[in-house]
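Descriptive structure summary
These are the residues of each chain, in order.
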Amino acid sequence: MELVEFINATGPRFMAQRFIEEQHMLGWNIPPEHADLVHIHWRNYPAPDNVWHFVMAAVYFILMLLSTSGNGIVIYLFMTTKSLKTPSNLFIFNQALLDLCMMVNMPMLVVNSFYQRVIGWETGCDIYGLFGSISGFGSAMNNAVIAYDRYRTIAFPIDGRLSMGKAFILMCFVWFWALPFSLSPMKSVDLFGKYVPEGFLTTCSFDYLTDDDHTRYFVATIFVWAYVIPLLLIVFFYVQLLGHVRGHERMLKEQAKKMNVKSLVGNQDKEKSAEIRIAKVAILIFCLFLISWTPYATIALTGCFGNRNVITPMFGMLPAVAAKIVSCIDPWIYAINHPRFRAELAKRCPCLITDEKSSSDAQSTGTHATAATEETVS
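Residues numbered from 1 in each chain as written. Predicted model: local features only at pLDDT ≥ 70, side-chain atom pairs only at ≥ 80, totals over all residues. Heavy atoms only, no water.

Once that is clear, we can look at the packing of aromatic side chains. Aromatic ring pairs are defined here through the distance separating the ring centres and the angle between the ring planes. Following the criterion strictly, the structure yields 14 aromatic pairs and no others. With 4.7 Å between their ring centres and 20° between their planes, Phe-78 and Phe-93 make a pair best called stacked. Of the two residues, Phe-78 is situated in helix 2 (residues 50-80) and Phe-93 in helix 3 (residues 87-115); the sequence distance between them amounts to 15 residues. For Phe-78, a relative accessible area of 5% puts it in the buried group. (Phe/Tyr/Trp six-rings, centres within 6.5 Å; stacked < 30°, edge-to-face > 60°. Helix = DSSP H or I, 4+ residues; strand = E, 2+ residues; numbered from the N terminus. Buried < 20%, exposed > 50% of the residue type's maximum accessible area, 1.4 Å probe, protein only.)

What follows deals with the environment of His-39. Turning to its location among the elements, His-39 is positioned in the loop between helix 1 (2-22) and helix 2. When near neighbours in sequence (up to four residues on either side) are disregarded, His-39 contacts Leu-209, Thr-210 and Arg-308. Of the polar contacts made by the side chain of His-39, one reaches the backbone nitrogen of His-41; its length is 2.9 Å. (Contact = heavy atoms within 4.5 Å. Polar contact = N/O pair within 3.5 Å; in protein donor to acceptor, adjacent residues only side chain to side chain.)

A word on a nonpolar patch on the surface. Side chains of Val-51, Trp-52, Val-55, Val-59 and Met-314 sit close together on the surface and give an oily, nonpolar patch of about 410 Å² of accessible area. No other element matches the four residues that helix 2 contributes to the nonpolar patch. Tracing the backbone through its elements, the reader meets Trp-52 in helix 2. Given a relative accessible area of 40%, Trp-52 falls into the partly exposed group. (Patch = residues over 30% accessible without salt bridge, like charges linked within 9 Å, V, L, I, M, F, W, Y side chains within 5 Å. Areas by Shrake-Rupley, 256 points an atom, 1.4 Å probe, with all protein chains shown as cover. Salt bridge = Lys/Arg side-chain N within 4 Å of Asp/Glu carboxyl O.)

Attention shifts here to the environment of Met-106. Residue position: Met-106 is located in helix 3. Residues Met-106 and Leu-65 lie 41 residues apart in sequence; the distance between their C-alpha atoms is 9.5 Å. Every residue in contact with Met-106, bar those within four places of it in the chain, is listed here: Tyr-60, Leu-63, Met-64, Ser-67, Lys-324 and Ser-327.

A separate point is the pairing of strand 1 (residues 195-198). Across four bridges, the pairing between strand 1 and strand 2 (residues 203-206) is antiparallel. When the sheet's bridge partners are listed, Glu-198 is paired in strand 2 with Thr-203. Here strand 1 hands over to strand 2 after four residues, with Gly-199 in that stretch at a positive phi of 60°. (Pairing = 2+ DSSP bridges.)

Our focus in this paragraph is the packing of helix 2 against helix 10 (residues 339-348). Where helix 2 contacts helix 10, the two axes come as close as 11 Å, and the packing angle between them is 90°. With respect to each other, helix 2 and helix 10 are oriented roughly perpendicular. Contacts between helix 2 and helix 10 involve Ile-73, Val-74, Tyr-76, Leu-77, Phe-78 and Thr-80 on the former and, on the latter, Phe-341, Glu-344, Leu-345 and Arg-348. Looking at the contact of helix 2 with helix 10, its residues break down into seven nonpolar, one polar and two charged. (Axes fitted to C-alpha atoms, helices over the stretch in contact; angles between N-to-C directions. Parallel < 35°, antiparallel > 145°, perpendicular 65-115°, else oblique. Nonpolar A, V, L, I, M, F, W, Y, C, P; charged D, E, K, R; others polar.)

Another aspect to go through is the nonpolar core. Counting 89 residues, the largest nonpolar core has Trp-42, Tyr-60, Phe-206, Tyr-208, Tyr-238, Phe-289 and Trp-293 as the members making the most contacts within it. Apart from the residues within four sequence positions on either side, Tyr-60 is in contact with Met-106, Leu-109, Val-110, Ser-113, Thr-203, Met-317 and Val-321. (Core = buried A, V, L, I, M, F, W, Y, C linked by side-chain atoms within 4.5 Å.)

Have a look at this one:
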């Protein structure tokens, strides 16, 4: 009787203790020699169920296929089609290269999800962080360069178009822009910041959780460098571009009124259509930029200057997924939706393009501004 009473009294407590002991916390599978790799913030959360890791592995695998196929098509068409090798398309080609840098991380992500940690420890985290940062920082500035090129092409169609040499210099500038803050956090360089696991500890980014001035300065600097400056440039050039198109439309209306020529109405309609198309593309690119990099900017600033308790492992995974989704969308926005790319793709792979109207679009014979618009925003 006494034994039964003892079991009844201690049973629930014993079972609860066993549950606590068996409940894994994040970082449970990190050996002591690599313990510094995981910030103490993540160790306060239970490790996610295996199902979540399998779901993330499936998502990464699908994104890897989409990114490889979409950006691979853009690179293949640009490299094998002489008519597509224009200065403007060089920036689209560069965007595809940067997106493929992001894709390089995806096989590692799939493997990491099955191991439930970063393979390669510090070295693996540095490799992941390096390619992710190059792709992120480079894509941000490349978007600004594309906006600049479209502005010059449409606003100054005769003498404003970039030569292939100048376009190549701008392309190299984009890569140089991305390198300093991509290389500096690597352990082998050890200049500013460091790459550490985040979220489920299967992805890596720069450290934004360490509570010291060095980390805060680094995060604030790359926030301005990789987010604020490109964003302001994108907004500035597209606002200028829209202003130019509206001014050109007003000029046509005034000229038609003075000349009393009704034939300019057709040109006015084309310009109005061009303005709407430019606005739609500009808004779309602006939204894609925000979707891609605002999550990282928000989490980094929150980790450094805000309430880091809101950064849960699931919340910490959102930036990585958002950036990779956008890398799959980019080739369709920038290239495959372009009339000349679509026309060439229809020749090579008719099964992928069922309704092709790009040949007539590409041969537009409107005004300089309208022709430039057809080439750059379609």
